[in-house]
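# Results of the structural survey
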Amino acid sequence: MEKAEASGAPVITGAPGTFAWSVLAERHPALIRQVRDAFPYPPGQQRALDALQEETAHGLIQPLPPGAADGARWAAWGSGHIGRSWFEVPFLWAESYFYRRLLEAVGYFGPGAWQGVDPFAPFKRAELNGSAVEGELAALDEVARLPLAEQDHALLGAALWGNRADLGFLISAGDPGTAGTHVVADDSALFWRHLADASPATVYLVADNAGRELIPDLVLLDHLLTTGRAARAVLHVKPTPYYVSDATPADVLDCLRRMAEAPGRAAETATRLWSALTRGRLRLTAHPFSCAPLPYAAMPADLRTDLAAATVTVVKGDLNYRRLVGDNLWPATTPFATLTGYFPSPLLALRTLKCDVAVGLTPATLATLESDPTPWRTAGTHAVLHFRP
Ligand SMILES: O=P(O)(O)OC[C@H]1O[C@](O)(CO)[C@@H](O)[C@@H]1O
């Protein structure tokens, strides 16, 4: 790890025992089994899932079938990787391509009856209907009674720590629950100052997971809109299911409905967000690049133009963070701003750490973390709020 880190080398899936290896060797097979058990898939889909299971464990990476609408794009992105072992390719590409192949196996892109059926929907639904969400929605009534600065702090914190609840991470790591949490870089004061100076702002939020993460994201956007810090907001989600629980437009609607069914503040928030959507004050969008196996530095011109209109873009989660800074083993003291200078708007990254990539730490913080036996890079117990003006 130390040697690779010094070089800023790309994360590769290879060596047994590394985090990237464990995702491919342990998390992906478990996920295929869970998806297979969650639906009465017909024999064709079952065979395709079994074949993917076998290929990821022992085989060579296969291309998408001829005729896949996005086949040419994935062939170009997979050039040099297709035909190799899953355990000798860049981690970001391998994970992203795995999810694309899983959607192919279950017939998500059709034609046929399973077209558009989200293979992760049962897991997302269970979470949305669970007691954790119920408690978190009820807590909004308490937050509403706090002074504004404390509401700001509580709601930004909820959006940050909501990122722990991604269902892919929970497959392999288990729920970190209320175990000790640590914010290891905190630029939130700079973010609030920037927003105050630029008000009324246009706030973009690039979402990560549905359910327990998306609800606090929606609540934060509502808070910025109702307190007048934001005049408009834009919510970017994924156009298709991805990385298990990543939010799609359907998940946004499910979250709004879940909030609307709850008593008190949660339902009021849902009503306001619904109205903001209908009036265009809140815009929901889903760009195909959100599901590309590429860093944000390679974003297409139309997305760059869109994001350039933001007063600030709030970028959520671990995968988005890897794509922001590049999925490389940078020295952890590399400044966040150095790696994200290309981004077309001011930027706030809210991320709980769930993989080896870490940047933007002070030498003192890094020394403290390295002296602790906790696997701070991957445990989901440590978080960063990085702001780049
Ligand atoms: O939902 P997030 O925060 O993007 O995390 C997605 C998962 O993908 C990874 O980035 C890599 O598997 C994990 O670290 C994380 O569990």
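Predicted model, so just to flag it, every value in this text is computed and none were measured.

As a further point, take the packing of helix α2 (residues 19–38) against helix α5 (residues 91–105). Running from amino to carboxyl end, α2 crosses α5 at an angle of 10°, the nearest separation of the two axes being 11 Å. Between α2 and α5, the interaxial angle falls into the category roughly parallel. In this structure, α2 contributes A20, V23, L24, H28 and V35 to the contact, and α5 contributes F91, A94, E95, F98 and L102. For the contact of α2 with α5, a count of residues per class yields eight nonpolar, one polar and one charged.

Here we come to the domain arrangement of the chain. In terms of domains, the chain is made up of domain 1 (2–119) and domain 2 (123–388). Facing 24 residues of domain 1, the contacting portion of domain 2 comprises 21 residues. Elements with a contribution of two residues or more to the side of domain 1 that touches domain 2: α1 (2–6), α2 and α5. The dominant element in the side of domain 1 that touches domain 2, judged by the number of residues it contributes, is α5, at seven residues. Tallied by class, residues from the side of domain 1 that touches domain 2 come to 17 nonpolar, three polar and four charged.

Right, let's get into the nonpolar core. A general feature of soluble globular proteins is that nonpolar side chains tend to end up buried together. Grouped together as the largest cluster of nonpolar side chains are 102 residues, with contacts concentrated most on V203, L205, L221, A233, L235, V312 and L348. Sort the elements by how many residues they give to this core and α5 lands first, with nine residues. Taken together, domain 1 (2–119) and domain 2 (123–388) each give at least three residues to this core, which thus spans both.

Here the residue pair G110 and P111 is connected by a cis peptide bond, since its omega of 5° sits within 30 degrees of zero. Turning to its location among the elements, P111 is positioned in the loop between α5 and α6 (121–128). Even without glycine at this site, Y243 takes up a positive phi of about 40°. Looking at where Y243 falls in the secondary structure, it is placed in the loop between β3 (230–236) and α12 (249–261).

Parameters and conventions
- Residues numbered from 1 in each chain as written.
- Predicted model: local features only at pLDDT ≥ 70, side-chain atom pairs only at ≥ 80, totals over all residues.
- Axes fitted to C-alpha atoms, helices over the stretch in contact; angles between N-to-C directions.
- Helix = DSSP H or I, 4+ residues; strand = E, 2+ residues; numbered from the N terminus.
- Parallel < 35°, antiparallel > 145°, perpendicular 65-115°, else oblique.
- Contact = placed C-beta atoms within 7 Å.
- Nonpolar A, V, L, I, M, F, W, Y, C, P; charged D, E, K, R; others polar.
- Domains from an automatic or database assignment.
- Core = buried A, V, L, I, M, F, W, Y, C linked by C-beta atoms within 7 Å.
- Buried ≥ 20, exposed ≤ 12 C-beta atoms within 10 Å, placed from the backbone.

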